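Coordinate analysis (summary)
Here is what each chain is made of, one letter per residue.
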Amino acid sequence: MLSVVTDDGSTQSGSLIDEIVREGARRMPAAALQAEVNQYIAELAAERGEEGRRPVVRNGRHQPRTVTTAAGPIEVRAPRVNDKRVDETTGERKRFSSKILAPWCRTSPKVSEVLPLLYLHGLSSGDFVPALEQFLGGAAGLSPATVTRLTKQWGEGHAAFQARDLSDRDFVYVWADGVHPKARLGQAHSCVLVLLGVRVDGTKELIALAEGLRESTESWADLLRDCRRRGMRDPELVVGDGAMGLWRALAEVFPTARHQRCWVHKARNIMNALPKSAQPGATKAMQGPLARDHRRPPRRPGPRGSPVRERHPGRATRGGCRVKEMFEALETLTDRDPDQRDVAAAVLGDLLRGTALDAATARRAVGSLVNLATNEPVTRVRESALNSISEAFSYHSLPLDLVEPLAPALPTMTGELLAHSVYIFGATRDPQARPLIEPFLHHPDADVREEARQAAAEITGPKPDGHIQKS
């Protein structure tokens with residue numbers, strides 16, 4: 001490729017670097033398409049027809065066509081293949097189909113992905129060609145009619161997404177927020193209400209999004225009612241920015257779900273109220289509370305005889321599914337990836353809440369968690385296991401001999417893990433656990449001492465009754 005380059009590095013058709021990119025974009029697809037055809041023919045070179053000739057041969061090239069790519073419009077002439085073989089099932093001739101360039105392709109998927117974003121940012125259907133002509137060429141297939149057709153397809157895709165069934169999944173955590181874009185909304189003071197959920201296995205999923213008015217109670221309630229109508233069950237925790245409309249709607253539609261103020265929004269509000277000179281110091285001061293692990297349950301889970309709320313109503317009726325999920329989590333406890341072990345321990349803790357598991361199955365799950373907490377080298381995984389064991393005592397009456405194997409591992413635990421373990425020993429309410437607890441009444445860590453004091457009091461306290469299962 002020879003071009004006349006001026007002093008400023010440009011050519012007659014534009015910048016030299018753009019010319020190099022376009023030339024590379026023309027050559028690379030041609031070479032890739034030719035290599036694909038060569039491989040296809042080479043794989044079938046041994047086949048022969050009735051006359052002893054090869055049934056698959058080259059047959060020139062297709063007519064040139066322009067394909068709009070991220071590098072601009074490029075002209076492509078795809079190789080042709082003459083395939084004389086006949087499909088025995090359909091009786092039709094077989095055809096070579098390129099995986100690189102489909103027969104109908106005129107625009108690369110990357111270009112198609114950016115069009116909805118431009119539309120949502122306010123670019124009208126008639127402005128696509130003038131705006132993108134210099135980048136994608138005038139014949140890029142972006143006429144107003146094409147954009148209108150794509151807009152209809154996007155709307156149909158959104159409608160299908162909003163109508164999908166939610167009864168086959170459980171969301172433990174849900175984040176709710178209102179996004180305020182600058183354009184493309186139907187009325188003044190409108191926003192997009194977004195629900196993002198996390199399943200029991202840690203998978204994130206966009207639950208729903210809809211247009212709302214100022215994040216009002218009725219707007220949030222309409223969205224939550226629609227999710228309830230499609231089968232969504234009460235999540236364990238909903239995190240929001242503190243808007244009262246969301247909390248009131250949540251109390252109406254998902255009354256058993258707890259809610260929590262988003263730390264990110266809270267930190268931003270604090271920063272906005274401080275002068276810039278004080279913001280670095282305030283940010284550093286907040287890092288401790290924000291980074292602290294809040295997964296541990298409250299120190300005193302409540303009186304043993306008090307009613308216990310089901311985490312997910314309706315789960316107990318699907319006991320077979322819950323047991324299957326438990327066995328999958330038990331297998332994952334031996335995974336080589338500590339993140340997978342951490343998630344599995346949390347899943348078992350979720351299953352141990354409530355009465356979905358019978359006494360024998362709950363003991364098996366707790367026994368596996370005790371083994372993990374005893375031998376696990378990663379601190380966060382040990383803490384997840386101990387946290388799940390602690391929560392199990394709120395729903396199951398477990399014996400001391402089930403958790404006593406934790407005792408030899410106590411010297412290897414830090415203060416937070418020790419507090420978990422001491423609580424577990426006290427939760428058994430077995431007098432034989434007192435010798436395991438008393439050494440920690442004088443521990444240097446104040447949290448451990450307080451936990452040991454309350455655990456010792458638990459042993460002499462009233463016996464549990466009510467909703468706790470005998471295990």
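All of the points below concern the structure found in this document.

Parameters and conventions
Residues numbered from 1 in each chain as written. Predicted model: local features only at pLDDT ≥ 70, side-chain atom pairs only at ≥ 80, totals over all residues. Heavy atoms only, no water. Helix = DSSP H or I, 4+ residues; strand = E, 2+ residues; numbered from the N terminus. Buried < 20%, exposed > 50% of the residue type's maximum accessible area, 1.4 Å probe, protein only. Contact = heavy atoms within 4.5 Å. Areas by Shrake-Rupley, 256 points an atom, 1.4 Å probe, with all protein chains shown as cover. Pairing = 2+ DSSP bridges. Right-handed = clockwise from strand over helix to strand, strands pointing away. Axes fitted to C-alpha atoms, helices over the stretch in contact; angles between N-to-C directions. Parallel < 35°, antiparallel > 145°, perpendicular 65-115°, else oblique. Left-handed = near helix turned anticlockwise from the far one by under 90°. Nonpolar A, V, L, I, M, F, W, Y, C, P; charged D, E, K, R; others polar. Expected span 1.5 Å × (residues − 1). Polar contact = N/O pair within 3.5 Å; in protein donor to acceptor, adjacent residues only side chain to side chain. Salt bridge = Lys/Arg side-chain N within 4 Å of Asp/Glu carboxyl O. Core = buried A, V, L, I, M, F, W, Y, C linked by side-chain atoms within 4.5 Å.

**Here's the deal with the overall build of the protein**
A count of helices and strands for the protein gives 16 helices and 13 strands. Looking at the 471 residues of the protein, the share that counts as buried comes to 39%. Considering only contacts in the protein between residues 6 or more positions apart, those separated by 24 or more positions represent 61%. Surface summary for the protein: the accessible area is close to 26600 Å², and the carbon and sulfur share equals 55%.

**Some remarks on the pairing of strand β11 (residues 258-261)**
Both strand β10 (residues 237-240) and β11 contribute to a ladder of 4 bridges, which runs parallel. If you follow G240 over to β11, its bridge partner there is R261. Each parallel crossover has a hand, and for β10 linked through helix α6 (residues 244-253) to β11 it is right-handed.

**A closer look at the packing of helix α10 (residues 338-352) against helix α11 (residues 359-375)**
Running from amino to carboxyl end, α10 crosses α11 at an angle of 150 degrees, the nearest separation of the two axes being 11 Å. Compared by their axis directions, α10 and α11 come out roughly antiparallel. α11 is crossed by α10, and the crossing has left-handed handedness. Within the contact between the two elements, α10 uses R341, A345, L348 and L352 and α11 uses A362, A365, V366, L369 and L372. In terms of residue class, the contact of α10 with α11 is built from 8 nonpolar, no polar and 1 charged.

**Quick word on helix α12 (residues 379-392)**
For α12, which comprises 14 residues, the first-to-last C-alpha distance of 20 Å matches the rise-based estimate of 20 Å (1.5 Å per residue) to within 8%. Of all 14 residues in α12, 12 are buried; the element is thus mostly enclosed. Where α12 is concerned, the buried positions are V381, R382, E383, S384, A385, L386, N387, S388, I389, S390, E391 and A392. For α12, the elements touching its buried residues are α10, α11, β12 (396-397), α13 (400-403) and α14 (415-427).

**Topic: the sheet that holds strand β7 (residues 171-179)**
Pairing in this open sheet of 5 strands is mixed, and the strands run β9-β8-β7-β10-β11 from one edge to the other. The strands lining the two open edges of the sheet, one partner per strand, are β9 (204-213) and β11. Within the sheet, the average angular offset between the axes of one strand and its neighbour, ignoring direction, is 20 degrees. Pairing between β7 and β10: 3 bridges, direction parallel. From the neighbouring strand, V174 faces β10, where its bridge partner is V238. Across the sheet, helix α5 (residues 217-229) is in contact with β7, β8 (190-199) and β9; its angle to β8 comes to roughly 40 degrees.

**Considering the side chain of S421**
Within the fold, S421 resides in helix α14. S421 gets classed as buried once you look at its relative accessible area, which sits at 0%. Setting aside residues no more than four positions away along its own chain, S421 makes contact with L386, L410 and M413.

**Considerations on the environment of D170**
With respect to the secondary-structure elements, D170 resides in the loop between α4 (144-162) and β7. Between the C-alpha atom of D170 and that of D234, which follows or precedes it by 64 residues, the distance is 8.3 Å. In terms of polar contacts, D170 uses its side chain to reach the side chain of R233, at 2.6 Å.

**Structural notes on the packing of α5 against α6**
One way to put it is that α5 packs onto α6 with a least axis distance of 8 Å and a crossing angle of 35 degrees. Crossing hand, α5 versus α6: right-handed. Here α5 contributes T217, W220, A221, L224, R225 and R228 to the contact with α6, which in turn contributes G245, L246, R248, A249, L250, E252 and V253. Split into classes, the residues belonging to the contact of α5 with α6 amount to 7 nonpolar, 2 polar and 4 charged.

**Examining the pattern of salt bridges**
A complete count under the given rule lists 17 salt bridges for this structure. R233 is the partner of D170 in a salt bridge, and the nearest nitrogen-oxygen pair spans 2.6 Å. Of this pair, D170 sits in the loop between α4 and β7 while R233 sits in the loop between α5 and β10, and the two are 63 residues apart along the sequence. On the basis of relative accessible area, D170 is assigned to the buried category, the value being 10%.

**Here's the deal with the nonpolar core**
If you look at the biggest cluster of nonpolar residues, it comprises 51 residues, and the most contacted ones within it are L348, V366, I389, V403, L406, F425 and I437. Those elements that place two or more of their residues in this core are α9 (319-332), α10, α11, α12, α13, α14, α15 (434-437) and α16 (446-460). When neighbours within four sequence positions are excluded, I389 is seen to be in contact with V366, L369, V370, V403 and I424. Within the second largest apolar cluster, 23 residues are counted, among which are L166, A208, M232 and L246.

**Focus on the environment of E328**
Along the polypeptide, E328 turns up in helix α9. C-alpha separation for the pair E328 and A344, spaced 16 residues apart in sequence, amounts to 8.4 Å.

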